[in-house]
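# Summary of structural features
The lines below spell out each chain.
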Amino acid sequence: MGLVTIGVVLRATVAVTVSAADNTLDLAPAADTFVEAGTQTTWDHGLADHLTVDHSPADVTYLKFDLSAVAAPVTRATLTLSCTDGSSDGGTVYPVADSGWLEGTHKGGTSNSANGPGLKWADLDTNGDGTLDAADASPFLPDVTQPLAVLGSVVTGLPVTVDVTAAFQGGPGLYTLAIASAIANDAVYASRESATASQRPRLHLELGALATTTTTTTPSSPPPTDTTTTTPPATLPPPSAGRGPFRVRPMTLQAASGPLKGEGENLTCFKKHGPAHPMEVGRIHISMPGEGGHHVILFRPHPGPIQWPPKLCPLTLNWDQWELIAQTQHPETDWKLPPGVAINVSRRQPLLVQTHYVRGKHPKTPHAMTKTKLYPVDPATVTAHAGALFLNDRSMVVPPHSRLTEVNRCTITGEGAQARDVKLLGITGHYHFRGQGFEAYRVHKDGSLGELLYRYQGFDQPNFQQFADPPVLHAGEGIEWRCQYQNNTDKTFTYGPDASTQEHCILFGAYYPTDTVQEAINCTHDKDSAGHDVSTVAIVPGE
């Protein structure tokens with residue numbers, strides 16, 4: 001057993017106790033604090049030697065754990081706290097989607113701790129009504145719809161341990177747990193700043209096997225006694241001896257809906273990162289629970305400086321800077337790529353999840369938590385990579401009191417010596433609420449129209465059509481996509497992200513094979529200064 005330290009982005013280092021014998025890991029919090037309502041609404045308790053859980057005044061405890069360097073899957077996670085003041089209700093543990101909060105630099109003992117840099121009650125209770133509920137827009141709210149564990153009755157001087165495995169299934173990264181109580185008899189626990197090291201919070205992890213592959217070599221010379229060797233993929237760390245075939249759990253990217261009660265819409269952007277080691281993704285499953293879900297989109301940046309959008313993000317991102325990897329406008333979308341085809345995600349690659357929800361007066365739940373799961377496949381089985389296809393019409397015009405069809409073309413296979421065959425994995429269309437129908441056709445090399453590739457009638461929830469037998473677009477061929485509109489207003493609608501005043505005509509798809517591992521094809525249809533139609537194809541090589 002040894003002691004190592006792992007540096008984190010905050011001011012602290014995290015003590016980690018590793019046991020190689022049984023493949024377990026003990027983690028101290030990277031940060032912990034508690035927030036309190038009432039007179040301490042703006043107080044920073046980050047350096048307090050205790051953590052309080054109470055209902056009146058309300059105290060909520062926060063613990064952050066850094067699993068960025070944990071490549072192996074977590075098969076079991078248990079949280080141990082040392083009680084320094086007992087209660088009949090030690091609190092309930094909940095996950096928190098965003099771990100971007102700061103611990104702070106004050107102990108919270110006096111009013112001198114007011115307005116410190118750490119997480120405070122005021123950061124959570126954004127409407128200032130003294131309660132944490134659906135009306136608050138903070139990304140650091142506990143997800144009360146997913147209770148992880150109940151601490152129950154806790155006794156002064158005794159530790160308490162609960163199972164929190166469900167919170168740590170998203171792969172490497174930062175995780176936050178929150179503890180809240182429904183009774184006024186407060187429970188107090190030792191914090192990571194406690195003078196007694198044995199009483200500090202501890203997360204105990206039991207880890208599964210890392211990935212391995214098995215290859216058999218038959219040399220021309222007489223074979224040795226054993227011709228089978230176990231070799232890890234180049235993208236993964238060397239596994240311990242004796243571990244079985246390729247086995248890696250999916251990486252889950254959670255992103256909250258924002259409050260579902262009220263009026264208006266929530267468009268929220270969450271910064272994420274890829275796993276600690278490169279991943280070949282063969283399946284993406286997106287869940288968008290709750291009422292009012294409009295879309296969930298997974299992006300990664302194009303090469304160059306990254307310009308992260310704000311948390312409350314704009315209606316659309318800059319398509320010249322962000323590549324759309326996957327998206328859904330359905331409660332559940334399960335995209336399975338063909339055998340041998342994968343989407344490559346680099347080690348710690350910046351990722352972005354955008355959620356879009358429409359609020360309602362009487363939602364069944366105050367919040368919803370979306371999940372985007374990336375399922376890895378054995379790198380040794382990957383023979384081709386999938387790329388994103390994004391076709392955008394920026395020249396569209398929908399006049400008042402009209403019914404019309406916008407028609408756009410793009411030679412996505414390239415032209416001349418650069419042309420190549422591509423296979424379509426899937427297609428979906430997008431427009432705003434004047435849209436009535438979407439179609440996509442093959443365009444032959446001579447410009448004639450080929451077969452229908454995709455059709456959707458209506459506005460809401462266009463389907464993502466996955467091709468069981470991917471159609472091949474041959475070198476020099478392209479796609480024609482059409483958007484049908486019905487405008488019953490006195491307004492003219494042109495291209496733009498604002499659904500109330502502008503329109504879209506966008507085709508999103510996926511294709512293979514790519515020339516580079518993370519390639520994408522963007523096509524923009526527009527008009528030049530003389531008013532002529534112009535389609536520009538950009539091959540983005542990726543990271």
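As a reminder, the structure under discussion sits directly above these lines.
Overview of the structure. In this text, all values refer to a predicted model and were calculated from it rather than measured experimentally.

This part is about the sheet that holds strand 35 (residues 493–495). Strand pairing in a sheet relies on backbone hydrogen bonds, with the paired strands running either antiparallel or parallel. An order of 27-35-36 is seen for the 3 strands of this open sheet, with the pairing classed as mixed. If you trace the sheet from one side to the other, it starts and ends with strand 27 (397–398) and strand 36 (502–503), each paired once. By the bridge criterion, 2 bridges tie strand 35 to strand 36 in an arrangement that is parallel. Its bridge partner lying in strand 36, tyrosine 495 is registered against glutamate 503.

Aromatic ring pairs are defined here through the distance separating the ring centres and the angle between the ring planes. By the definition in use, this model includes 9 aromatic pairs. For the pair tyrosine 431 and phenylalanine 438, a centre-to-centre distance of 6.3 Å together with 55° between the ring planes defines the contact as tilted. Neither tyrosine 431 nor phenylalanine 438 differs from the other in exposure class; each is buried. Judged by centre distance (6.4 Å) and plane angle (65°), the ring pair of tyrosine 431 and tyrosine 485 falls under edge-to-face. A residue pair is termed long-range when its members are at least 10 positions apart, and tyrosine 431 in the loop between strand 29 (422–430) and strand 30 (435–443) and tyrosine 485 in strand 34 (residues 478–487) qualify at 54 residues. Note on tyrosine 431: relative accessible area 5%, which makes it buried. An aromatic cluster is built from Tyr431, Phe438, Tyr454 and Tyr485, whose rings are joined through pairwise contacts. Taking NZ or CZ as reference, lysine 64 lies 4.6 Å from the ring centre of tryptophan 101, over its face.

Turning next to unusual backbone geometry. Of note, the amide linkage connecting serine 56 to proline 57 takes the cis form, showing an omega dihedral of -5°. Structurally, proline 57 can be placed in the loop between strand 5 (50–55) and strand 6 (58–66). In this chain, tyrosine 512 is followed by proline 513 through a cis amide linkage whose omega measures -5°. Tracing the backbone through its elements, the reader meets proline 513 in the loop between strand 37 (506–512) and strand 38 (520–527).

The tally for this structure, following the rule as stated, stands at 18 salt bridges. One salt bridge in this structure joins arginine 192 and glutamate 103, with 2.7 Å as the shortest N-O distance. Here the residue arginine 192 occupies a position in the loop between strand 12 (187–190) and strand 13 (202–207), and glutamate 103 occupies one in the loop between strand 8 (92–96) and helix 1 (121–124), the gap between them amounting to 89 residues. Assigned by exposure class, arginine 192 and glutamate 103 land together as buried. Between glutamate 503 and arginine 434 there is a salt bridge whose closest N-O contact spans 3.0 Å. Separated by 69 residues along the polypeptide, glutamate 503 in strand 36 and arginine 434 in the loop between strand 29 and strand 30 bring together distant segments of the chain. With respect to burial, glutamate 503 and arginine 434 carry one shared label: buried.

Take threonine 33: it is sitting in strand 4 (residues 31–36). Judged by relative accessible area, threonine 33 falls into the buried class, the value being 0%. Within polar-contact distance, the side chain of threonine 33 engages the backbone nitrogen of glycine 46 at 3.4 Å.

Definitions and limits used
- Residues numbered from 1 in each chain as written.
- Predicted model: local features only at pLDDT ≥ 70, side-chain atom pairs only at ≥ 80, totals over all residues.
- Heavy atoms only, no water.
- Pairing = 2+ DSSP bridges.
- Helix = DSSP H or I, 4+ residues; strand = E, 2+ residues; numbered from the N terminus.
- Phe/Tyr/Trp six-rings, centres within 6.5 Å; stacked < 30°, edge-to-face > 60°.
- Buried < 20%, exposed > 50% of the residue type's maximum accessible area, 1.4 Å probe, protein only.
- Lys NZ or Arg CZ within 6 Å of the ring centre and 35° of its normal.
- Salt bridge = Lys/Arg side-chain N within 4 Å of Asp/Glu carboxyl O.
- Polar contact = N/O pair within 3.5 Å; in protein donor to acceptor, adjacent residues only side chain to side chain.

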